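# A closer look at the structure
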Amino acid sequence: MERHTYNTGIIGNCAYLAHVNKNTNIDWLCWPRFDSTFIFGGLLDKKKGGSFSILPTDEYTSHQYYLENTNVLITEITTVKGAKYRVTDFAPRFHEHQRYYKALMLIRKIEALEGSPQVVVKCVPVSDYGKTKLHVNRGSNHIQFLGGDENMRLTTNIPISYVFDEQPFVINESKYLVLTYGEPLEAPLISTAERFLRETTQYWRTWIKHSSIATYFQPFVIRSALALKIHQYEDTGAIIAASTTSLPESPGSGRNWDYRYCWLRDTYYVLTSLNHIGHFEEMEKYFSYVTDISFNENERYQPLYGITGKKDLVEEIMTDLEGYMGNQPVRVGNQASEHIQNDIYGQVMISLLPLYTDHRFVFSERKDSVRWIEFLLSKIERTIDEKDAGIWEFRNMANIHCYSNLFQWAGASAAEKMARTIDNPKLVKRAIKVKERAAEHIESCYDPVRKVYTNSAGSSNLDASTLQLIMMNYLDPASDRAKDHLIALEKELKASNGLFYRYLYKDDFGKPKTTFLICAFWYIEALACVGRMDDAMREFENILQYSNHLLLFSEDVDENDGSQWGNFPQAYSHVGLMNAAYRIAIKLDRPIFL
């Protein structure tokens, strides 16, 4: 059986993300925001999703790669007759006028490399998830697309008739295509595109130079960092799980979700990964996003929010879209926003901890310390004895979940440390009381016969999320209890090829058929924590084979053939890789240099 991988790379500028297929087509682009309708949605429907391709008239092969240390993507096409050309795709991002320039502008540069390649440019954007076909107006050097929320314009130095009529032409000089949303390009085309390419390339390379990335499998960590960066919606600071919706966890499973939102329950992992590479600007923007949400939530947090903090993410099924490779349903919105997940309060509390323990953050800026800590601690107190949907968002099951209580324990531990830092004994005492209560719940999940913590109180089911008991130091990694717990989990949940299942019990949709990639990275971290370094390094190197051709990782991987499934690329898979690599690097005592 042939391994399924996603044949796209991503470009973005922290205002939008686009997927470029190896066949040059823009398979996915939502404008004006990550969570807007797609303009190009061929990933979910090849007929109704529109297209933007630069294809030869002959049969061809394709080679795709990133310009080193950037989010600038190159696709090289070689025809059977020996002609060759290159398409350079990027979203402009650079410093200008003391701020970031990040326009809703997609720039494509076409260059002949060998022979006289003949190509056809096809640009057919759509709106309202493919329901609206746009009106096309022809200008002297541009094509205008009308009828969506805003006008779009394609500006080019290709003869407009060739693009308008989708007529073949020979590339005899560099050609440029600039697609804009709202504001058209009112500047010289060629010199502007070249300047934007030069400055965008420089921006990304400088960003990487200013990253503290360990030498351990550095190219993978660099690509993961670059991918994670463009999943942040800079306007508000939110970081989305993925730029796509409804890519199935496994074929025919019905597990097709919209991931274009920000999951607060992953706050700790994301901020940890950014902290490891020394990028505080992104951390602070994310802190601001969480702060804005926090002071608008008097009762409880939702598991996820829109990129502007929007709460109402009503799930709608788009019945007229065929779905990825025919997999339906196609969902827009996410019902999980209505779930109760009580680990979130601890996640947010821990995310504040660097503000108090890392002296690179200025202490005088933390004027609301007592109010913040009390605010979050009271939320943990209020929910600590509740059943919830757990980290995996079960839609029809509620339990006292070990993982939820672990993060309540960790949140209370963080509150205790922060209260000691600001010298508030009353708050210290309150935090300790909460921590002890959370520990009681965690211990209610322990099975002394099997020497393992189960997923919830009174259950015999095992769950990869409890690996965090070791990484969060609830269990002393050097203890027999930690080592026994890890052995029991790997015995049941580790796949034959080193992948790792979230769980293997039935949920609302039956038994999972694919492994969850971030769990494999958690497993690697746990191995490193308990001192099994040879195992950790072997498993880490093994997992790297499950990327696509651009070192991009999906959410899920099929145990049987290593196929990629789930929304792609999955930001949290890349976060998992970054954290696992860092954990191994510091254990090897060479976090920065050999």
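Structure first, text after, so check above.
First, a word on scope: everything that follows refers to the structure included in this document. (Residues numbered from 1 in each chain as written. Predicted model: local features only at pLDDT ≥ 70, side-chain atom pairs only at ≥ 80, totals over all residues. Heavy atoms only, no water.)

## Observations concerning helix α8 (residues 369-383)
For α8, which comprises 15 residues, the first-to-last C-alpha distance of 22 Å matches the rise-based estimate of 21 Å (1.5 Å per residue) to within 8%. For α8, the set of buried residues is S369, W372, I373, F375, L376, L377, S378, K379, I380 and T383. (Helix = DSSP H or I, 4+ residues; strand = E, 2+ residues; numbered from the N terminus. Expected span 1.5 Å × (residues − 1). Buried < 20%, exposed > 50% of the residue type's maximum accessible area, 1.4 Å probe, protein only.)

## What about the sheet that holds strand β8 (residues 84-90)?
Strand order in the open sheet formed by 8 strands is β6-β7-β8-β11-β19-β17-β16-β15, and the pairing between neighbours is antiparallel. Two strands close off the open sheet at either side, each with one partner strand: β6 (60-66) and β15 (135-138). Shown here is a sheet whose adjacent strand axes are inclined to one another by a mean of 15°, direction ignored. As defined by bridge partners, β15 adjoins strand β16 (residues 142-146) across 4 bridges and the pair is classed as antiparallel. Considered in β16, the bridge of V136 is made with F145. (Pairing = 2+ DSSP bridges. Axes fitted to C-alpha atoms, helices over the stretch in contact; angles between N-to-C directions.)

## Brief notes about the pairing of strand β11 (residues 105-114)
Burial within β11 is extensive, with 7 of its 10 residues counted as buried. One ladder, built from 7 bridges, connects β8 with β11; its direction is antiparallel. In the strand pairing of β11, F90 is matched with I107. Here β11 pairs with strand β19 (residues 175-181) via 6 bridges, running antiparallel. Paired with I107 across the strands is V178, a residue of β19.

## Description of the pairing of strand β12 (residues 118-124)
Only one face of β12 is covered, namely the one carrying V119, V121 and C123; the face carrying Q118, V120, K122 and V124 has none of its residues buried. As judged from the 6 bridges shared by strand β5 (residues 51-56) and β12, these two strands associate in the antiparallel manner. Across the sheet, residue P56 finds its bridge partner in β12, namely V119. One ladder, built from 2 bridges, connects β12 with strand β18 (residues 169-170); its direction is antiparallel. Note that in β18 the partner of Q118 across the bridge is V170.

## Points about the packing of aromatic side chains
Summed over all chains, the structure comprises 34 aromatic pairs. Ring centres of Y16 and W31 lie 5.4 Å apart, and the angle between their planes is 80°; this geometry places the pair in the edge-to-face category. Here W31 lies in the loop between β3 (26-30) and β4 (38-40) and Y16 lies in the loop between β1 (8-12) and β2 (17-21), a separation of 15 residues in the sequence. For W31, a relative accessible area of 1% translates into the label buried. Ring plane angle 80° and centroid distance 6.5 Å describe the contact between Y324 and W565, whose orientation is recorded as edge-to-face. (Phe/Tyr/Trp six-rings, centres within 6.5 Å; stacked < 30°, edge-to-face > 60°.)

## Here's the deal with the environment of Y6
Take Y6: it is sitting in the segment before β1. Among the residues examined, Y6 registers a relative accessible area of 3% and is labelled buried. The spatial distance from the C-alpha of Y6 to the C-alpha of F553 is 9.0 Å, given a sequence separation of 547 residues. Once residues within four sequence positions are removed from consideration, Y6 is found in contact with L247, P248, Y324, N548, H549, S554, Q564, W565, G566 and F568. A polar contact of 2.8 Å, which involves the side chain of Y6, links it to the backbone oxygen of G566. (Contact = heavy atoms within 4.5 Å. Polar contact = N/O pair within 3.5 Å; in protein donor to acceptor, adjacent residues only side chain to side chain.)

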